[in-house]
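The lines below spell out each chain.
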Amino acid sequence: MQRMTVAKAMTECLKAEGITDIFGYPGAAICPFYDELYKSGINHILVRHEVNAGHSASGYARITGKPAVCVATSGPGALNLITAIATAYMDSVPMIIITGQVNSDQIGRDVFQEADITGSAEPFVKHSYLLKRPEDTAEVFKKAFYIAGTGRRGPVLIDVPCDVQKAEIDFEYPESVDIRSYRPSSKGNGYQIKRAAVTILEAKKPLIIAGGGLFSGNAAELMRELSEKLDIPVISTLMGLGAMPTDNERYFGMLGMHGCESAKCAVNNCDTLILLGARLSDRTSAPIMLKKGLTVIHIDIDPAEIGKSVAANIPIVGDISIVLGQLLEQLNNTVSENAVPKHDEWKAMLSQSRVDKGIKQVEKGFVNPKWFIRELNNYLPNRSIVVADVGENQFWTALNIELKNGRFLTSGGMGTMGYSLPAAIGAKTAEPNAEVIAVCGDGSFQMEMPELATCVQHNIAVKVIVMRNKYLGMVREFQTNHYGNRLYAVSLDGSPSYTKIADSYGIENMLVDSKESAKEGIKRLTESNKPFLLEVAVPEMLETIL
Amino acid sequence: MKHTISVLVENHAGVLARVAGLFARRGFNIDSLAVGVTDDVNISRITIVADGSDYTLEQIEKQLNKLIDVIKVKTLAPENMVSRELILIKVSCSPKQRPEIISICELAHGKISDISANSITIEISDSTNALNNFEELLRPYGIKEIVRTGTIAIQKGEAAVSVRN
Ligand SMILES: Cc1ncc(C[n+]2csc(CCOP(=O)(O)OP(=O)(O)O)c2C)c(N)n1
Ligand SMILES: [Mg+2]
């Protein structure tokens, strides 16, 4: 037990949780905390807009698997974080958001920079606290980290009035927590596991859909083991991309509105669907026409996801790595060595459904983005982290990137433009030795451009690839296809030269507009150990699916 | 279909807002909502009558359970619960009409809670349907004001929705 201010206690809580880096932006109402941060040894990364503190924490958390922290001041600072909170919530990212609040006796009086942030963020948080009683500090932090980092991961907000930060308390960080109303399940139901095992063994055309939950639950390897052992084809959602190496013979691509033929064919023809940590959002399930008589095995940590989008015949709620462990054990006990199923015919059928339209020649002075990403693959080291923004660039990347034990990050559920650079900054901070690349469009880049300064100031060697097509391409394509090609408010005329922008930040850069220059650019980008910006001249009117 | 859901929550500030917000943003329809503390002062009970399909009910239960402050959610089976609502109803009533209204009130097991020169206020606790019928009986006299509490409900027999089981 030690006497200290709440502000100091807050830094002690973070240290006790193993936090070494935080992303933030200060203001008066959070100054007591910043004054303690300064003495704490915690590395604070100053972003250029609060929303990016949130996205950076999100990128960081998705790489470490543990809650990451962002911080902002009261009112506008806190409100600027909301898009990032919602983005993290939709993708189940563990995050702790600390916001300053006006003095507690002034709350509710519309004083300067007052905003009801716990109220405003309520739809997008897993939980939130308004820390009114100084003596609750340790317990609130302990609970917040526990809630954010267990069960279905998600953002937890702690709003701390300025006077509370200055109050003195006796501080001791609790070793354990118990919340009677929050006991996330870990083990799966034994009976359902047995049923699942029998069903999988009897299946003629089984299929695994790998979702983002495999990363949250650290279970991608177990999924691969299941696929390998029983020869089960795998397809992926956008969030699950990379759980299965893209060059695996049992991998049949990504499902979704912008997904590939083979994945669609797989879902529409399988007889047993094994959903692993995937909620099958509307965008993911857009192309699916589930067959009658199909058996769905749905494994998820969140009971509310089971039966929400597809009816599950065998629902299993639990921590995915524990459940997959149970399932593999059950399968080991059930199947005899020589009766291990093989699914050659089924795989052959799926292989035939693979379509590759090849790479189209583009006009002189431009680079085909599909070719570009495939070329980039040749230079990316193992364990690279690729962050795609939102728009056509997102799917050019998602559909062509090769992931060899690396990670692919993107804003899936919310589709938040401007996610890639700040998230890449977070990922690079978490994993400084990994090659971290942000691929964005020229529209998205202009939303996140100020973060180049963050890279320079904090020496974060993120590589940025701007796919410059002079349009909000994906919306332009939508207008072309669904609104009689009446292009309106989608031209990015007036935009700057992105290489000159990089120049003014002192960031190495190159503009590429041919295969030769692109190869040279990719080489320079991957060889550099500093931030680097590559502007890729992409034809103006390309489709998402190339 | 109507569903009566009994929800035990931590008696914290803001819990009701979280529950109400959840219903609003997920498009669940609430017919009535009643809150009160339980025998444990740290726990409140929210009784919600909601309208929706079985799919909706399943989502309501699961989404409620995801709120950290929600301890327990139980949908009560209609045939196996006692459900009550309290109504206070003020009707125009001349001195001449009093005996008539008082006899209706007695028939319905109501209680006269206030009388003035030209009005009478009756309180009754009963099922929502019974109260609706009663309201119709009084309508011809001229209803001045009605206040209803929203439904509360409890299971029949020994079963209890409590943190102890
Ligand atoms: C914050 C935000 N605003 C608007 C949208 C809608 N939107 C989706 S894709 C897109 C165009 C993106 O343009 P750009 O970044 O240039 O990528 P491109 O599609 O051209 O590759 C827009 C505006 C969005 N997803 N997020
Ligand atoms: Mg563009």
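Worth saying up front: this structure is predicted, and the values here are computed from it rather than measured.

1. Examining the overall build of chain A
- A tally of regular secondary structure across chain A gives 23 helices and 20 strands.
- Taken over C-alpha atoms, the radius of gyration comes to 24 Å for chain A, in line with the 24 Å a tight globule of 546 residues would show.
- Counting only residues that meet the buried cut, chain A has 59% of its 546 residues in that class.
- Contacts in chain A between residues far apart in sequence, at least 24 positions, make up 74% of those at least 6 positions apart.
- By element, 48% of the accessible surface of chain A is carried by carbon and sulfur atoms, the whole surface being about 21,900 Å².
- Of the side chains in chain A, 55 bear a positive and 62 a negative charge, and the two mean positions are spaced by 4 Å.

2. What to know about the interface of chain B and chain A
- If you look at the interface, chain B gives 18 residues, while chain A gives 18 residues.
- Summed over both partners, the interface of chain B with chain A comes to about 1,500 Å²; 44% of that surface belongs to carbon and sulfur atoms.
- For the chain B face of the interface with chain A, the top three residues by lost area are R18, K66 and I68 of chain B, together amounting to 43%.
- Linking chain B with chain A are three salt bridges, by the criterion used here.

3. Observations regarding the packing of helix α3 (residues 50–64) of chain A against helix α5 (residues 82–90) of chain A
All names here are of chain A.
- It is at 7 Å that the axes of α3 and α5 come closest, and there the two elements cross at 20 degrees. With respect to their mutual orientation, α3 and α5 come out roughly parallel. As α3 runs across α5, the sense of the crossing is right-handed. Residue-level contacts link V51, G54 and H55 of α3 to T83, A84 and T87 of α5.

4. What to know about the coordination of the magnesium ion (ligand 2)
Residues and elements named next belong to chain A.
- Of the protein atoms, only D442 (OD), N469 (OD1) and Y471 (O) coordinate the magnesium ion (ligand 2), at distances of 2.1 to 2.2 Å.
- All donor residues of the magnesium ion (ligand 2) come from one chain, and their arrangement in sequence is D-x26-N-x1-Y. With D442 in helix α19 (residues 442–448) and Y471 in the loop between β18 (463–468) and α21 (473–482), the pair connects residues that are 29 residues apart, well separated along the chain. The two residues D442 and Y471 agree in class, both being buried.

5. Here we look at the site of ligand 1
Residue and element names in this part refer to chain A.
- As a matter of local geometry, ligand 1 sits amid 16 residues, with E392, G415, G443, S444 and G473 nearest to it.
- Measuring from a nitrogen atom of ligand 1, one finds a backbone N or O atom of M417 at 3.3 Å.
- For ligand 1, the accessible surface in isolation is 580 Å², of which the surrounding protein chains cover 77%.
- Among the elements of the structure, α17 (392–400), α19 and α21 are those that each provide at least two residues to the shell around ligand 1.
- Looking at side-chain class alone, the shell around ligand 1 contains six nonpolar, eight polar and two charged residues.

6. So, the domain arrangement of chain A
Residue and element names in this part refer to chain A.
- Taken domain by domain, chain A holds domain 1 (2–170), domain 2 (190–352) and domain 3 (369–537).
- Listed by partner, the interface residues are 22 residues for domain 1 and 27 residues for domain 3.
- Summing both partners gives a buried area of about 1,900 Å² for domain 1 against domain 3, and 61% of it is carried by carbon and sulfur.
- Sorting the residues of domain 1 by area buried against domain 3 places R48, R62 and I63 first, and these three jointly supply 34% of that buried surface.
- For the pair domain 1 and domain 3, the number of links is zero salt bridges.
- Along the contact surface separating domain 1 from domain 3 lie 14 residue pairs in polar contact (both at pLDDT 80 or more).
- For the side of domain 1 that touches domain 3, the elements supplying multiple residues, two or more each, are β2 (21–25), β3 (43–46), α3 and α5.
- At nine residues, α3 tops the list of elements feeding residues into the side of domain 1 that touches domain 3.

What counts, and at which threshold
- Residues numbered from 1 in each chain as written.
- Chains lettered and ligands numbered in written order.
- Predicted model: local features only at pLDDT ≥ 70, side-chain atom pairs only at ≥ 80, totals over all residues.
- Heavy atoms only, no water.
- Helix = DSSP H or I, 4+ residues; strand = E, 2+ residues; numbered from the N terminus.
- Rg over C-alpha atoms; globule rule 2.2 N^0.38 Å.
- Buried < 20%, exposed > 50% of the residue type's maximum accessible area, 1.4 Å probe, protein only.
- Contact = heavy atoms within 4.5 Å.
- Areas by Shrake-Rupley, 256 points an atom, 1.4 Å probe, with all protein chains shown as cover.
- Lys, Arg positive; Asp, Glu negative; His and termini not counted.
- Charge placed at Lys NZ, Arg CZ, Asp CG, Glu CD.
- Buried area = accessible area lost by both parts, 1.4 Å probe.
- Salt bridge = Lys/Arg side-chain N within 4 Å of Asp/Glu carboxyl O.
- Axes fitted to C-alpha atoms, helices over the stretch in contact; angles between N-to-C directions.
- Parallel < 35°, antiparallel > 145°, perpendicular 65-115°, else oblique.
- Left-handed = near helix turned anticlockwise from the far one by under 90°.
- Donors = N, O, S within 2.8 Å, 3.2 Å for Na, K, Ca; no water.
- Near = heavy atom within 4 Å.
- Polar contact = N/O pair within 3.5 Å; in protein donor to acceptor, adjacent residues only side chain to side chain.
- Nonpolar A, V, L, I, M, F, W, Y, C, P; charged D, E, K, R; others polar.
- Domains from an automatic or database assignment.

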